[in-house]
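As a plain string of letters, each chain reads:
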Amino acid sequence: MHRTVADTEAMEALGRELGGQLRAGDLVVLTGPLGAGKTTLTRGIGDGLRVRGPVQSPTFVLARTHPSLVGAAPLVHVDAYRLSGAAELEDLDLDFANSVVVAEWGAGLLDDVADSWLEVVIERRRGGDAADVAASDDLEADEPRSVQLLGHGPRWAGTPYSVAPALGA
Ligand SMILES: Nc1ncnc2c1ncn2[C@@H]1O[C@H](COP(=O)(O)OP(=O)(O)OP(=O)(O)O)[C@@H](O)[C@H]1O
Ligand SMILES: [Mg+2]
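Per an unreviewed UniProt entry, the protein is named tRNA threonylcarbamoyladenosine biosynthesis protein TsaE, and its organism is Agromyces flavus. The heading Subcellular location (unreviewed entry) in the UniProt record of the protein holds the text "Cytoplasm". UniProt's Sequence similarities (unreviewed entry) comment on the protein is quoted here verbatim: "Belongs to the TsaE family."

What follows is the structure, given as structure tokens:
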């Protein structure tokens, strides 16, 4: 499923929408360049899950756990970009089964640890125009993002995010 996300607030709103649908055992892998909006989306997911904030860029830790405010699953926010590899990921000993795990830059590293995951690919939308690129150097400025939501595996089968056709379709 593809979405165009107009601004920062809309990215948080998309996260809240997703967060409302996530449950323990779910893995969300966010990919996109620096400043794409991965942490912004995760902040919305945290709101939707109703976990304790604030969700921030995990600069000093590889994974931060946000406990639920409503007795539900915690959010584990992973900065996979800073992980050197699968061994270091295993050392974190994440409780995938009982948490919602959201990993920034987790593509490739995390796909192997679960049989289902929701891949979110965020891209800044601009044409190939050089003037455009120069004008958008200011990462803070609201600017549309292209967001692809790709559900892999049985967890997402039959949902609007699924990349596989529904059985019997
Ligand atoms: N449509 C948009 N969606 C999301 N963020 C946007 C949008 N337009 C502008 N922004 C801004 O872009 C920045 C995104 O920063 P954010 O930390 O979420 O990115 P990130 O992908 O997590 O970066 P990093 O790779 O450094 O972790 C924020 O300053 C946000 O306000
Ligand atoms: Mg980030």
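Asker: Quick one: what's the story with the site of ligand 1, residue by residue and with numbers?
Answerer: Within the structure, ligand 1 sits among 21 residues, and T8, K38, T39, T40 and E143 are positioned closest to it. Between ligand 1 and K38 there is a distance of 2.7 Å, counted from an oxygen atom to a side-chain nitrogen or oxygen. Contacts to ligand 1 include W105, whose side-chain N or O atom sits 3.5 Å from an oxygen atom. For ligand 1, whose unbound accessible area comes to 650 Å², protein coverage reaches 85%. Breaking the shell around ligand 1 down by element, the ones donating at least two residues are α1 (8-19) and α2 (38-49). Ranked by residues supplied to the shell around ligand 1, first place goes to α2 with 3 residues. Tallied by class, the residues present in the shell around ligand 1 amount to 9 nonpolar, 5 polar and 7 charged.

Asker: Would you mind going over the pattern of salt bridges in detail, with residue names and values included?
Answerer: Under the counting rule described, the total for this entry stands at 7 salt bridges. Ionic pairing is found between E9 and R16, a salt bridge with its closest N-O pair at 3.0 Å. For R16, the salt bridge identified is with D47, shortest N-O distance 3.9 Å. Here R16 is found in helix α1, whereas its partner D47 is found in helix α2, with 31 residues between them in sequence.

Asker: Explain α2 residue by residue, including any values.
Answerer: Every α-helical turn comprises 3.6 residues, leaving residues that sit three or four positions apart pointing alike. End to end, α2 covers 16 Å across 12 residues, agreeing with the expected 16 Å (1.5 Å per residue, within 8%). In terms of burial, α2 is largely enclosed, as 9 of its 12 residues are buried. Among the residues of α2, those classed as buried are K38, T39, T40, L41, T42, G44, I45, G46 and L49. Among the structural elements, α1, β2 (27-31), β4 (75-79), β5 (100-104) and β6 (117-124) are those in contact with the buried residues of α2.

So, how was this worked out
Residues numbered from 1 in each chain as written. Chains lettered and ligands numbered in written order. Predicted model: local features only at pLDDT ≥ 70, side-chain atom pairs only at ≥ 80, totals over all residues. Heavy atoms only, no water. UniProt positions renumbered as here; feature names shortened; annotations may be inferred. Near = heavy atom within 4 Å. Polar contact = N/O pair within 3.5 Å; in protein donor to acceptor, adjacent residues only side chain to side chain. Areas by Shrake-Rupley, 256 points an atom, 1.4 Å probe, with all protein chains shown as cover. Helix = DSSP H or I, 4+ residues; strand = E, 2+ residues; numbered from the N terminus. Nonpolar A, V, L, I, M, F, W, Y, C, P; charged D, E, K, R; others polar. Salt bridge = Lys/Arg side-chain N within 4 Å of Asp/Glu carboxyl O. Expected span 1.5 Å × (residues − 1). Buried < 20%, exposed > 50% of the residue type's maximum accessible area, 1.4 Å probe, protein only. Contact = heavy atoms within 4.5 Å.

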